[in-house]
Amino acid sequence: MGVLPLVAALAALVPSTSVPAESGFLLALNRSSTIRVVNLDCSPPGGSHPRAEEACAELALANGSFDQLGTEGVACTMELNPVTVRAIGHWRGETRRFLKTYSNSCVLEAATGTVFKF
């Protein structure tokens, strides 16, 4: 089964009340053959994300834009160990979707901070 159909199937299992309408996301991370899914609620910070407060603070600085997350000046190896992440949800009432594959976990963390650190 491909990554996207599996993430969609997992998302269907999560009750609709777990992703709030105001600011919250269902986040998925696929590394090798492992897929992890958490809920991040940012109004107030919570959900099953282990670093919800940090992740929500980073999203707030980026105005909910996953492309605006990250840290400059991080040096990562050129190791090829792809990690695919996906976010589906809302930021301050606006629907947001994000899907991207990074070459390895270091590049992912440099680009997205703690949002996908679970």
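Placed above this text is the structure.
The following refers to the structure shown. (Residues numbered from 1 in each chain as written. Predicted model: local features only at pLDDT ≥ 70, side-chain atom pairs only at ≥ 80, totals over all residues. Heavy atoms only, no water.)

1. Digging into the state of the cysteines
Stage number 1. Throughout the structure, instances matching the rule amount to two disulfides.
Stage number 2. The partner cysteine of Cys42 in its disulfide is Cys56, sulfur to sulfur 2.1 Å. On the sign convention where negative is left-handed, the bridge of Cys42 and Cys56, at about -85 degrees about the S-S bond, is left-handed. Taken together, the positions of Cys42 in strand β2 (residues 34–42) and Cys56 in helix α2 (residues 52–61) put the pair 14 residues apart, joining distant regions of the chain. In terms of burial, Cys42 and Cys56 fall into one category: buried.
Stage number 3. Each disulfide pairs two cysteine sulfurs, and for Cys76 the partner residue is Cys106, the sulfurs being separated by 2.0 Å. Measuring the twist about the S-S bond at about -75 degrees, one finds the Cys76-Cys106 disulfide to be left-handed. Here Cys76, found in the loop between α2 and β4 (83–91), pairs with Cys106, found in helix α3 (residues 105–112); they are 30 residues apart in sequence, far enough to count as distant.
Stage number 4. We classify Cys106 as partly exposed; its relative accessible area is 31%.
Stage number 5. The connectivity of the disulfides in the chain is 1-2, 3-4, where the numbers refer to bonded cysteines in sequence order. (Disulfide = S-S within 2.5 Å. Helix = DSSP H or I, 4+ residues; strand = E, 2+ residues; numbered from the N terminus. Buried < 20%, exposed > 50% of the residue type's maximum accessible area, 1.4 Å probe, protein only.)

2. Here we look at unusual backbone geometry
Generally, phi is negative for residues other than glycine and the peptide bonds are trans, each holding for most cases.
Stage number 1. At the junction of Ser43 and Pro44, the peptide bond is cis and its omega measures out at -5 degrees in the coordinates.
Stage number 2. As for its position among the elements, Pro44 is in the loop between β2 and β3 (45–47).
Stage number 3. Although it is not a glycine, Ser32 adopts a positive phi angle of roughly 60 degrees.
Stage number 4. Given a relative accessible area of 57%, Ser32 falls into the exposed group.
Stage number 5. Look at Arg92: it is not a glycine, yet its phi comes out positive at around 50 degrees.

3. Comments concerning the packing of aromatic side chains
Stage number 1. Counted by the stated rule, this structure contains five aromatic pairs.
Stage number 2. Aromatic pair Phe25 and Phe66: ring centres 5.0 Å apart, planes at 85 degrees, arrangement edge-to-face. Separated by 41 residues along the polypeptide, Phe25 in strand β1 (residues 24–31) and Phe66 in the loop between α2 and β4 bring together distant segments of the chain. By the burial criterion, Phe25 is buried, and Phe66 matches it. (Phe/Tyr/Trp six-rings, centres within 6.5 Å; stacked < 30°, edge-to-face > 60°.)

4. Here's the deal with the sheet that holds β3
Working definition: the strands of a sheet are paired by backbone hydrogen bonds and lie parallel or antiparallel to each other.
Stage number 1. Pairing is antiparallel across the open sheet formed by five strands, whose spatial order is β3-β2-β1-β4-β5. Looking along the sheet, the strands with just one partner apiece sit at the ends: β3 and β5 (94–102). Adjacent strand axes in the sheet meet at a mean angle of 20 degrees when their direction is disregarded.
Stage number 2. Relative to β3, β2 is paired through three bridges, and the arrangement is antiparallel. Bridging from a neighbouring strand, Cys42 pairs with Pro45 of β3.
Stage number 3. Relative to β2, α2 is tilted by about 70 degrees, and along the sheet it contacts β1, β2, β3 and β4.
Stage number 4. The strands touched by α3 are β1, β4 and β5; relative to β5, the strand with the most contacts, the crossing angle is about 150 degrees. (Pairing = 2+ DSSP bridges. Axes fitted to C-alpha atoms, helices over the stretch in contact; angles between N-to-C directions. Contact = heavy atoms within 4.5 Å.)

Distances and angles like these do not, on their own, reveal function.
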